[in-house]
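Observations on chain architecture
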Amino acid sequence: MLCRARSATRRAAAIVAPHAVASWARPLALATQRRWRSTMPDEDDDADEDLRFSGLTGAQLLHESLVDCGVDTVFGYSGGANLPVLDQFNQSPIRFVMNRSEQCCGHAAEGYARASGKVGVVLTTSGPGLTNIITPLQDARGDSTPIVALSGQVPTSAVGTDAFQECLAVDLTRPCTKWSYQVRSVEEIRAVMHEAFYVASSGKPGPVHIDLPKDVMTAVLRGSTPLLPLKPPTVQAEPASLHAVAKLLSVAKKPIFYVGQGAVAAKEELLALAELSDVPVTTTLHAMGVFNEFHPLSMHMLGMHGAAYANYAIQESDLIVAIGSRFDDRTTGVLNKYAPEARLAHEEGRGGLVHFDIETSQFGRVVNPTVAVAGDCKESLRMLLPIVERQARPEWRARCTQLKNDFPFSYTPAPDGQLKTQSVIDALNTGFHETRDKLCVSTGVGNHQMMACQFLRWTTPRSIVSSGSLGTMGFGLPAAIGAQMACPDRTVLLIDGDSSFNMTLNDLGTVKEHQLPIKMAIMNDGRQQMVHVWQKLFFDNRIVATDNVNPDYVALAKAYDIEAFSCESTEELPAAIERFVNAKGPILVDFKCVPDICLPMVAPGKGLDEMFLPGSITLESEAPKMEGMAPS
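Along each chain, residues carry numbers from 1 onward, in the same order as the chain's sequence is written. Only residues with pLDDT of at least 70 are given local features in this predicted model, and only at 80 or more are side-chain atom pairs given and counted; all residues enter the totals for whole chains, interfaces and linings. Processing note: side-chain calculations cover all non-hydrogen atoms of the structure and skip hydrogens and water entirely.

Labelled according to an unreviewed UniProt entry, the chain appears under the name Acetolactate synthase, originating from Coccolithus braarudii. Per UniProt, the chain has the following entry under Catalytic activity (unreviewed entry): "2 pyruvate + H(+) = (2S)-2-acetolactate + CO2". UniProt positions are given in the numbering used here, feature names are shortened, and annotations may be inferred rather than shown by experiment. Recorded in UniProt for the chain, the comment headed Sequence similarities (unreviewed entry) runs: "Belongs to the TPP enzyme family."

This is the structure:
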């Protein structure tokens, strides 16, 4: 059981960032402690259990806590301040994975968590070790990824003196975590560690940071370490809200489910509800696979580079039911043009916008819902199912099918048998067809990321591992490492662009060290192509710092003794895909691609249905001058 110490509760009150943590995750009020006191075992009964930890150092207590919390893998990098903790992994049931930088460690922990649903763990040293994981922490915060970051720190007597490799770790990480705390005594270590895992994985998941001063890690516990049970308040949907949703579903003519990562555990419930109510389903990037994309009700991914047919359906829908999604700007377009039919239906009492979310602070943040349903999405859908009427919507289904037929994902093939990123990903989609349900795809950020969403079909939850909210280039390779460590029986495919891959390619050493059978496909167009296109469209073709000077990726991989080859034409593509798919160990392919623009695209300041469609813009022709700001 995840537990909390009384002393940790008092100290944490001064550390937690109130705006960043749900109310249940903040230090327990005394009244709450008293309310739960009846669930506590008698202190005398646990005296012997507590005393068994007496005589252990802080680092040993921390390691025991990791074991207690079910940790099997830690990603980390060594340093002077974290040596007492690092030493505990010398003979440990926990596997310690040394990535080639702290940022890679953080992204690997994210990949581990995304692919498995478990909490990822990262260990760094103080100073630069800590500052190097700020990006992974913010990435995890934006994408609701549960990780616990442990950082070494100078001794407490040196804190605040600008000692060597000292930084204000808690101050730096507070804005990008659910909870950040510096351990100040050996007595509270077990309680704080149990709480860290509890906060990271409960409610809306996210990152937690625990700072570990060196003297606390070497101090010896004398006595016991009392714990309090951690029992989150139940957040359950109100029956009145669910009945209101059921009524709206019964009267709406053109409803659509807009599904986000918050529904990742609700695959069965979502399928049952969609089929019962005959409602099409579109998803965000992180929710791809929660609803099988081969199902006739699937409208695939929506948004800025999503399916045109999904965007049109959203704009035509009279009832948008958001399930575990947060109306991110990349999925809404400009807000004053968003969901015109649903807004009208709301005013007329025949539809509107429904929002399911576990975090009540999300309600009204972007759009004001007709009905807000607070609670875990899986449980809320389970409660909703019995009160929803079975319906058939032949006209609406026919309209959605027509949209899919009229506006499919497409691209113009490159001349002379040259490769495009889309053609390679389309071939990968075919090549992995037989093993699709066991496939886990990690991506970098850029054109290749969006094209992977477009031209791969997704059938299972947690099959996409990508940086969504923060858009972190370099995420792909270390995240693939974490995903493969978490899921050794799954096929992990890295689809990366040359620009993203260049940022963390040193982690090929980790792939080699552990002989991870990751399949690495580099879409090499020699550019930071997505930004290059924005320069062309928004800055009168003034190109600055978006052309790459790349290494020989095949030679680089072979320097690590990793199988590698290149592919440069559509003629070579079938054989290259077959070799790539059937490789037994790690393999890298350098696909030499012709640069292209990623379409559809909703430009800034435009409505979700005001898209540039495939074929409407080409890099070879005179591109239209865009007004306003380029996408961020």
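Numbering goes from the N terminus for both helices and strands, where a helix is a DSSP run of H or I of at least four residues and a strand is a run of E of at least two. From N to C terminus, the chain includes 26 helices and 23 strands. Each residue gets one of three labels from its accessible area relative to the maximum for its type: buried under 20%, exposed over 50%, partly exposed in between, using a 1.4 Å probe on protein chains only. Of all 632 residues assigned to the chain, the portion counted as buried reaches 57%. Considering only intrachain contacts with a sequence separation of at least 6, the fraction spanning at least 24 residues in the chain is 76%. Working note: accessible area of the chain is about 24,600 Å², and carbon and sulfur atoms make up 51% of it. By definition in these notes, contact holds between two residues if any of their heavy atoms fall within 4.5 Å. All accessibility values rest on the Shrake-Rupley procedure with a 1.4 Å probe; residue burial counts only the protein chains present in the view.

This paragraph deals with the sheet that holds strand 9 (residues 255–259). What makes two strands pair is DSSP finding at least two bridges between them. Overall, parallel pairing links the six strands, which are arranged 11-10-9-12-13-14 in an open sheet. If you trace the sheet from one side to the other, it starts and ends with strand 11 (298–301) and strand 14 (371–374), each paired once. Averaged over all adjacent pairs, the angle separating strand axes in this sheet is 15°, with direction ignored. Between N-to-C directions, angles span 0 to 180 degrees; the directions come from axes that are lines fitted to C-alpha atoms, helices contributing only their stretch in contact. Where helix 13 (residues 267–277) meets the sheet, its contacts fall on strand 9, strand 10 (281–283) and strand 12 (319–323), and the angle it forms with strand 9 comes to roughly 170°. Contacts between helix 16 (residues 340–348) and the sheet are confined to strand 12 and strand 13 (352–357), with strand 13 contributing the most and set at about 100° to the helix.

This next bit is on the packing of helix 19 (residues 421–431) against helix 26 (residues 573–582). For the pair helix 19 and helix 26, interaxial distance at closest approach is 10 Å and the crossing angle is 50°. The orientation of helix 19 with respect to helix 26, classified from their angle, is oblique. Handedness of the crossing formed by helix 19 with helix 26: right-handed. Two secondary-structure elements touch here, helix 19 through S423, V424, A427, L428 and G431 and helix 26 through L573, I577, F580 and V581. All residues other than Ala, Val, Leu, Ile, Met, Phe, Trp, Tyr, Cys, Pro, Asp, Glu, Lys and Arg, Gly among them, are scored as polar; the first ten of these are nonpolar and the last four charged. Classifying every residue of the contact of helix 19 with helix 26 gives seven nonpolar, two polar and no charged. Our angle categories are set so that under 35 degrees counts as roughly parallel, over 145 as roughly antiparallel, 65 to 115 as roughly perpendicular, and the remainder as oblique. For any helix crossing, the convention is left-handed if the near helix is rotated counterclockwise from the far helix by under a right angle, and right-handed if that rotation is clockwise.

Attention now goes to the pattern of salt bridges. Think of a salt bridge as a Lys or Arg side-chain nitrogen and an Asp or Glu carboxyl oxygen that are within 4 Å of each other. Taken as a whole, this structure holds 22 salt bridges when the rule is applied. The partner of D72 in a salt bridge is K118, with the nearest N and O atoms 3.1 Å apart. Residue D72 is found in the loop between helix 4 (58–68) and strand 2 (73–76), and its partner K118 is found in the loop between helix 6 (102–116) and strand 4 (120–124); the two are separated by 46 residues along the sequence. Connected through salt bridges with shared partners, the residues E110, R114, D139 and D143 form a single ionic network.

The next subject is the sheet that holds strand 5 (residues 147–153). Spatially, six strands are ordered 3-2-4-5-7-6 in an open sheet, and the strand pairing comes out parallel. Unpaired on one side and paired on the other, strand 3 (95–98) and strand 6 (179–182) mark the two borders of the sheet. In this sheet, neighbouring strand axes are inclined to one another by 20° on average, regardless of whether the strands run parallel or antiparallel. Where strand 6 and strand 7 (residues 207–213) come together, four bridges link them in parallel fashion. The residue of strand 7 that forms the bridge with W179 is V208. The sheet strands contacting helix 6 are strand 2, strand 4 and strand 5, and the helix crosses strand 4 at an angle near 165°.

Next up on the list: helix 13. Residue pairs spaced three or four apart in an α-helix point in one direction, given the helix's 3.6 residues per turn. Of the positions making up helix 13, those classed as buried are E269, L270, L273, A274, L276 and S277. Angularly, the buried residues of helix 13 cover 165° about the axis, an arc narrow enough to put them on a single face. The secondary structure elements touched by the buried residues of helix 13 are strand 9, strand 10, strand 12 and helix 17 (377–384). Picture the helix axis, draw a direction to every C-beta atom, and the arc is the one those directions span.

A few words now on the packing of aromatic side chains. Each Phe, Tyr or Trp ring, with Trp reduced to its six-membered ring, pairs with another whose centre is within 6.5 Å; inter-plane angles below 30 degrees give stacked pairs, above 60 give edge-to-face pairs, and intermediate values give tilted ones. Inspection of every chain in the model, using the stated rule, returns 11 aromatic pairs. Here the aromatic rings of W179 and Y181 are separated by 5.6 Å at their centres, their planes lie at 15°, and the arrangement is stacked. Ring centres 6.2 Å apart and planes at 80° place the aromatic pair F327 and Y338 in the edge-to-face group. Pair noted here: F327 is in the loop between strand 12 and helix 15 (329–332) and Y338 is in the loop between helix 15 and helix 16, with a separation of 11 residues, a long-range link. With a relative accessible area of 2%, F327 lands in the buried category. An aromatic cluster is built from Y309, F409, Y411 and F455, whose rings are joined through pairwise contacts.

By this rule, a helix spans an expected 1.5 Å times one less than how many residues it contains. Helix length check: helix 6, at 15 residues, gives a terminal C-alpha distance of 21 Å against a target of 21 Å (1.5 Å per residue), a fit within 8%. For helix 6, the buried fraction is high: 13 of the 15 residues fall into the buried class. Remark: G117 follows helix 6 within two positions and exhibits a positive phi of approximately 85°.

What follows covers the side chain of D143. Tracing the chain through its elements places D143 in the loop between helix 8 (134–142) and strand 5. Each polar contact in these results corresponds to two N or O atoms within 3.5 Å; when the atoms are within protein, one needs to be able to donate a hydrogen and the other to accept it, and residues that are neighboring in sequence are counted only if both atoms are side-chain atoms. A polar contact of 3.1 Å, which involves the side chain of D143, links it to the side chain of H286. Among all residues touching D143, those that are not within four sequence positions of it are R114, Q261, H286, S466, S467, G468 and S469.

A few words now on the environment of S325. Within the secondary structure, S325 sits in the loop between strand 12 and helix 15. Between the alpha carbons of S325 and Q261 there is a distance of 6.5 Å; along the sequence they are 64 residues apart. Contacts of S325, omitting those with residues within four sequence positions, involve Y258, V259, G260, T284, H355, F356 and D357.

What follows deals with the environment of C453. Structurally, C453 can be placed in helix 20 (residues 447–455). On the basis of relative accessible area, C453 is assigned to the buried category, the value being 2%. The contact partners of C453, leaving out residues within four places of it in the chain, are L285, M288, M301 and W458.

What follows covers the pairing of strand 19 (residues 519–524). When you tally the buried positions in strand 19, you get six out of six residues, the bulk of the element. Alternating positions in strand 19 separate into two faces, K519, A521 and M523 on one and M520, I522 and N524 on the other, with burial throughout. Bridge count for strand 18 (residues 491–497) against strand 19 is five bridges, and the pairing is parallel. Counterpart to D496 in the pairing with strand 19 is I522.

Attention shifts here to unusual backbone geometry. For the bond from L599 to P600, the omega torsion is 5°, close enough to zero to count as cis. Positive phi is not limited to glycine here, since Q165 has a value of about 55°. You can see Q165 is positioned in the loop between strand 5 and helix 9 (169–173). In this structure, N541 is a non-glycine residue whose phi angle is positive, near 65°. Note on N541: relative accessible area 44%, which makes it partly exposed.

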